[in-house]
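# Remarks on the overall topology
Spelled out from the first residue to the last, the chains are:
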Amino acid sequence: MFRTALRNVLAHKGRLLMTVLAVMLGTAFVAGTLVFSDTVGDALRTQNSKSYTDIAVTVTDREAAGAAAFGHGDKAVGGPTLTEETRTKVAALPGAAEVRGVVSGFAGIADHKGALIGNGFSTTGTNYVPGADGSDPRYPLVEGRGPKDATEIALDAKTADKGGYKIGDTVRVAVNGPVMQLKLTGTVHTNDPRVTAGGSLAAFDTATAQRLYLTPGRFAELDVKAEPGTDDTALLAAVQQAVPQGDFIEAKTGRQLADEQDEMIRKGTTALTTFLMAFAGIALFVGIFIIANTFTMLVAQRTKELALLRAVGATRRQITRSVLVEALLVGLTASVTGLLAGIGIAVGLKSLLNGPMDANLPDGPLIVAPSTVVAALAVGVLVTVLAAWLPARRASRIAPVAAMSSAEQPATQKGLLVRNTIGLLFSLAGAASLAAGVGGKEVKLVGLGAGALLIGVFVLTPLLSRPLITLISPLLRALYGAPGKLAKENAIRNPRRTAATASALTIGVTLITSLTVIGASVNQAVDKATATDLKADYTVAMQNFSSLSPEIATQIAKAPGVSVVSAERGMSVKTGQNEEDSEWMTAVDAATIDQVATVKVSEGSADALKQGKLLVSSGRAKEAGYKVGDTLAVTYPDGVKGSLTVGGILEANTALASIIAPEAVVGPHAQPGSGLEKVLVKGTDGATPELKQALRDASGGNPLIAVKGQKEIKAENRSMISGILNMMYGLLGMSVVIAVLGVVNTMAMSVFERRREIGMLRAIGLDRLGIRRMVRLESLLIALFGGLVGVALGILTAWAGVRTLADSLKDITTVVPPLQIACYLLAAAVIGLLAAMWPAHRAAKLDILDSIKSQ
């Protein structure tokens, strides 16, 4: 039977080609994902290990490091600190060869036009620590020298090149306040992943960095280099005794830090792999329909051959095994090809990211792990064999005598009844889960319901195919006459085959439609919320979400054309004994907040802020169980204990934080010099270009500070949502390609199966053009059927998903963009026509007499 299976694969290799391609594409997706994530993860870990090569022990002041990162390091003075005295003390320990004091934060570099170089989240600032020769081994000089005082700066070579800066030029750089103009004394090389990923590095002399990010004489970190032969663990114990003891002072070995970073890299690559594998799974799921359909048609076309095998003594088990061995050979061939293609995809993707997309991924060898090879081969083979199992079972049930008299056995009434019952049960369960999820705004229930409904509809597609295709076919009959009528009859002749072919396309259309509707709904809701929730003409905030200098609000208030200024300050207060028992609240000016934002409450008083009370969003109140009149016992950042009363429950509002408090009550307890989250501004004459420029001037031209009006906020939100959708569309593209292959495969095999019928049609007068039209229109009907079902399912699941967002986005409604939906149906029609080009051409070329003589 193995030789028979091998002979059948070789004999029908043309008809199995599309199946091989479908499995190959799915396997290539899997293999490419695994190879890419392993390669990038290994390169990142290698780069990470180099960062800690010379570090035996690191001491970190977590309070100082966190405060400096968010632009308010000068307020981090609540406990023991790392000072120059501490550094000297650690350097005197036995086994310590060198101790480096580190200060770091963010620093935006502007080009000659004032625009930010790099992205706001990776604009790194640090201290340059020269050795005896004047160079810093951590940041090797490319050109020039390091900075020596507050008037000088060094940049990484790539940032200097992007900005067009040369040694001696004046560089515009800013932290969280006005721009500083410093002389560029040198360019350096760095392996800092934040910089290599597209950020920038600004190096200051140590005293300047301390003044900008912390306080004079203070470090955020001490890096200890050990003398040769020194045990890191013993040195760690000595360092722990030498440094100040406090909750925020932490000492670890370089190996421990490297291991922690490796774990973070592992989690990141695992998350990426999981995300991409979900789309690979979708592609493989689509491929299952093609594989099952192909083997079903092959079994039908070889009915007499299988019957003859049964007649000469082959058992049902042998017939089943024969078909499964064919599937195994097909799956193995496709998996090996897919593995090689996946390796090529991983190499190409890395080159693309490092080339046109400028992602700056670290160099490293290509990693093709044994587990990747096993996974790719196993997935391809298992998917193929499992998809062919039902056709194999059907093949084994062919009765020899009945099969000898029929080319294809119709489905039994019992089989159809069982299938339709299962489909109906899944559909009802899915609909019930969707309804429950919508009612309780439970995303998990909506997801389960959508999955169950999708499966139920797939099972019921043979039942749905006849009425839907009959509904859309009259136009084809009116336009094309006999070919249109024949196309309709061919499409509904075998509902199972039509359903399997259309379902592959339905999956892609369902997901794409659902994403489109959800995206359009969210876009509209956010646009409406921005227009209604935000009264301010402009918002001023840092691009990297760090804190603004408090002086910025004062400068903005003095700018020409400004009528109202309302600053917001973030603050964490403790509500219990543990660190996690805390609430993040935003302090606002109670007198002006209602002039720059819409303040509406569903419970309590809108004037609660003026009464010295809190306003809590409905979402946070529901999550924490807060009610109007509740009192929170709190400990402020300065250690003072107090109580705050909930005065009102806010309606959903995108312009306000989850908890807002009056600045007059909580502001005095903020740490000295604490920064601002943002400043809301209303102009005398509304939003004007002059006011926007005045606000930029008032912020000192800091390239990290963004001044945005409502139009910019809406455009930014739309751009973000569009970016996410485009990425998802691209990842779903593989499943659509596989679905197209399924249509091509079905039509090509149908032409082979109906050669005699086509010959008879030619003999009674249907010309070659009519034959081509018949095949193309049949493919068009199948593709439109799949598109219509997919659009309907996509809209339904999107509606349910949108309803779960009602608490997060005020007045969100389901928006169905008619033009995009029409484009998806048009695309489905085009796919059907294009997929039928080769089968139609092949059908028209068949010889009349040879076709009539065929069996």
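Structure's up top.
Along each chain, residue indices are assigned from 1 in the same order as the chain's sequence is written. Restriction of local features to residues with pLDDT of at least 70 applies here, the model being predicted, together with a cutoff of 80 or more for giving and counting side-chain atom pairs; totals for whole chains, interfaces and linings are based on all residues. Side-chain measures here rest on the full set of heavy atoms in the structure, leaving out hydrogens and waters.

## Some thoughts on the overall build of the chain
- What the chain contains, in helices and strands, is 30 helices and 24 strands.
- Along the first, second and third principal axes, the C-alpha set of the chain runs to 100 × 70 × 50 Å.
- Every residue pair with non-hydrogen atoms within 4.5 Å of one another is taken to be in contact. Restricting to contacts in the chain with at least 6 residues of sequence separation, those with at least 24 account for 81%.
- Accessible surface is estimated by sampling points in the Shrake-Rupley manner with a 1.4 Å probe; for residues, cover comes only from the protein chains shown. Counting only carbon and sulfur atoms, one obtains 61% of the accessible surface of the chain, whose full area is about 38,100 Å². The way it works is that DSSP assigns letters per residue, a run of H or I at least four long becomes a helix, a run of E at least two long becomes a strand, and they are numbered from the N terminus.

## A few points about the packing of helix α16 (residues 443-472) against helix α18 (residues 482-493)
- Contact geometry for α16 and α18: axes closest at 9 Å, N-to-C directions at 165°. Considered as vectors, α16 and α18 are oriented roughly antiparallel to each other. For the pair α16 and α18, the sense of crossing is right-handed. Note on element contacts: α18 touches α16 through Lys488, Ala491 and Ile492, opposite Ser465, Arg466, Ile469 and Thr470.
- Amino acids outside the nonpolar list (Ala, Val, Leu, Ile, Met, Phe, Trp, Tyr, Cys, Pro) and the charged list (Asp, Glu, Lys, Arg) are all regarded as polar, and Gly is one of them. Broken down by class, the residue content of the contact of α16 with α18 amounts to three nonpolar, two polar and two charged. In this description, a line fitted to the C-alpha atoms serves as the axis of each element, helices being fitted only across the stretch in contact, and the angle between N-to-C directions of two axes falls anywhere from 0 to 180 degrees. Orientation categories follow fixed angle ranges, with anything under 35 degrees roughly parallel, anything over 145 roughly antiparallel, 65 to 115 roughly perpendicular, and all other angles oblique. Working rule for handedness: look at the near helix, and if it is turned counterclockwise from the far one by less than a right angle, call the crossing left-handed; if clockwise, right-handed.

## Some points on the sheet that holds strand β3 (residues 96-102)
- Across the sheet, four strands lie side by side as β3-β13-β1-β14; this open sheet has antiparallel pairing. Lying at the two open borders of the sheet, with one neighbouring strand each, are β3 and β14 (249-253). Direction aside, neighbouring strands of the sheet carry axes that sit 15° apart on average.
- In the sheet, strand β1 (residues 57-61) pairs with β14 via five bridges, with the strands oriented antiparallel. Looking at β14, one finds that Val57 is bridged to Thr253.
- With respect to the sheet, helix α4 (residues 84-91) is in contact with β3 and β13 (221-226), its orientation differing from that of β3 by roughly 165°. If DSSP finds at least two bridges between two strands, the strands pair.

## Focus on the pattern of salt bridges
- By salt bridge we mean one thing: a side-chain nitrogen of Lys or Arg within 4 Å of a carboxyl oxygen of Asp or Glu. This model, assessed by the stated rule, comprises 22 salt bridges.
- A salt bridge links Asp527 to Arg718; the shortest N-O distance between them is 2.7 Å. Placement of the pair is Asp527 in helix α19 (residues 495-533) and Arg718 in helix α25 (residues 710-753), with a sequence separation of 191 residues.
- Partly exposed describes any residue whose relative accessible area lies between the buried limit of under 20% and the exposed limit of over 50%, with all areas from a 1.4 Å probe on protein chains only and scaled to the type maximum. The class for Arg718 is partly exposed, based on a relative accessible area of 37%.

## Re the packing of helix α11 (residues 316-354) against helix α13 (residues 389-396)
- Between α11 and α13, the least distance of the axes is 8 Å, while the angle of their chain directions is 145°. As α11 packs across α13, the resulting crossing turns out to be right-handed. Of the residues in α13, those in contact with Arg316, Ile319, Thr320, Val323 and Leu324 of α11 are Trp389, Ala392, Ala395 and Ser396.

## Examining the side chain of Thr27
- Mapping Thr27 onto the fold places it in helix α2 (residues 13-51).
- Nitrogen and oxygen atoms within 3.5 Å of one another constitute a polar contact, given that in protein one can donate a hydrogen and the other can accept it, and given that sequence-neighbouring residues count only through two side-chain atoms. Within the local environment of Thr27, its side chain forms a polar contact with the backbone oxygen of Val23, the two atoms lying 2.8 Å apart.
- The contact partners of Thr27, leaving out residues within four places of it in the chain, are Leu284, Ser335, Gly338, Leu339, Ala376 and Gly380.

## As for the packing of aromatic side chains
- Each Phe, Tyr or Trp ring (for Trp, its six-membered ring) is paired with any other whose centre lies within 6.5 Å, and the angle between the two planes then decides the class: stacked below 30 degrees, edge-to-face above 60, tilted in between. Using the criterion set out here, one finds five aromatic pairs in the structure.
- Note on Phe275 and Phe279: the rings are 5.3 Å apart at their centroids and 70° apart in plane angle, and the pair reads as edge-to-face. Here Phe275 pairs with Phe279, and both are found in helix α9 (residues 254-301), just four residues apart, close to one helical turn.
- Here Phe289 and Phe458 contribute two aromatic rings whose centre-to-centre distance is 5.4 Å and whose plane-to-plane angle is 75°, an arrangement assigned as edge-to-face. Residue Phe289 is found in helix α9, and its partner Phe458 is found in helix α16; the two are separated by 169 residues along the sequence.
- For Phe458, a relative accessible area of 6% translates into the label buried.

## Here we look at α19
- Here the expected length of a helix is defined as 1.5 Å per residue gap, with one fewer gap than residues. A rise of 1.5 Å per residue sets the reference length of α19, with its 39 residues, at 57 Å; its end C-alpha atoms lie 53 Å apart and thus fit the reference within 8%.
- Along its length, α19 shows its largest kink, about 30°, at Ser503.
- Most of α19 is tucked away, with 31 of its 39 residues classed as buried. To obtain the bend at a residue, axes are fitted to the seven residues ending there and to the seven starting there, and the angle between these axes is taken.

## Concerning the nonpolar core
- Phe295, Ile738 and Val775 are the most contacted members of the largest nonpolar core, which totals 104 residues.
- Beyond its immediate stretch of four places on either side in the chain, Val775 contacts Met747, Val751, Ala836, Pro839, Ala840 and Ala843.
- Core analysis: the next-biggest nonpolar cluster, separate from the first, contains 61 residues, Ala64, Val243, Ala553 and Leu691 among them. We define the nonpolar core as a collection of buried residues of types Ala, Val, Leu, Ile, Met, Phe, Trp, Tyr and Cys that are connected through side-chain atoms lying within 4.5 Å of one another.

## What about the pairing of strand β15 (residues 538-542)?
- The buried count for β15 comes to four of five residues, which makes it a mostly enclosed element.
- Bridge analysis of β15 against strand β23 (residues 678-683) gives three bridges, and the strand direction is antiparallel. In the strand pairing of β23, Val540 is matched with Val679.

## Quick notes on α16
- Along its 30 residues, α16 runs just 35 Å from first to last C-alpha, ending more than 12% under the 44 Å computed at 1.5 Å per residue.
- Largest kink in α16: about 60°, centred on Thr461, with the proline Pro462 one to four residues after it.

## Some words on the environment of Gly642
- In this fold, Gly642 is placed in strand β21 (residues 641-650).
- Sequence separation between Gly642 and Val666 is 24 residues; the distance between their C-alpha atoms is 9.6 Å.
- Ignoring any residue separated from it by four or fewer positions in sequence, one finds Gly642 in contact with Leu632, Ala633, Val634 and Tyr636.

## Brief notes about a nonpolar patch on the surface
- On the surface, Phe275, Met720, Ile724 and Met727 cluster together into a nonpolar patch covering about 370 Å² of accessible area.
- Checked against the element boundaries, Met720 lands in helix α25. Every patch collects residues that have over 30% relative accessible area and no salt bridge, joining them within 9 Å if they carry like charges and within 5 Å if they are nonpolar side chains (Val, Leu, Ile, Met, Phe, Trp, Tyr).

## Things to note about the environment of Val90
- As for its placement among the helices and strands, Val90 is situated in helix α4.
- The spatial distance from the C-alpha of Val90 to the C-alpha of Lys162 is 40 Å, given a sequence separation of 72 residues.
- Aside from chain neighbours lying at most four places away, what touches Val90 is Ala96, Val99, Leu222, Val224, Val239, Ala242 and Val243.

## Quick notes on the side chain of Asp111
- Considering the arrangement of structural elements, one finds Asp111 in the loop between β5 (108-110) and β6 (123-128).
- Buried within the structure, Asp111 lacks any salt-bridge partner; its nearest side chain of opposite charge belongs to Lys113, at an N-O separation of 6.9 Å.
- Here Lys113 takes part through its backbone nitrogen, which lies 2.9 Å from a polar atom of the side chain of Asp111.
- Here the side chain of Asp111 touches Gly114 through a polar contact of 2.9 Å, landing on its backbone nitrogen.
- Filtering out sequence-adjacent residues up to four positions away, Asp111 remains in contact with Ile117, Gly163 and Tyr165. Charge counting treats Lys and Arg as positive and Asp and Glu as negative, with His and both chain ends excluded.

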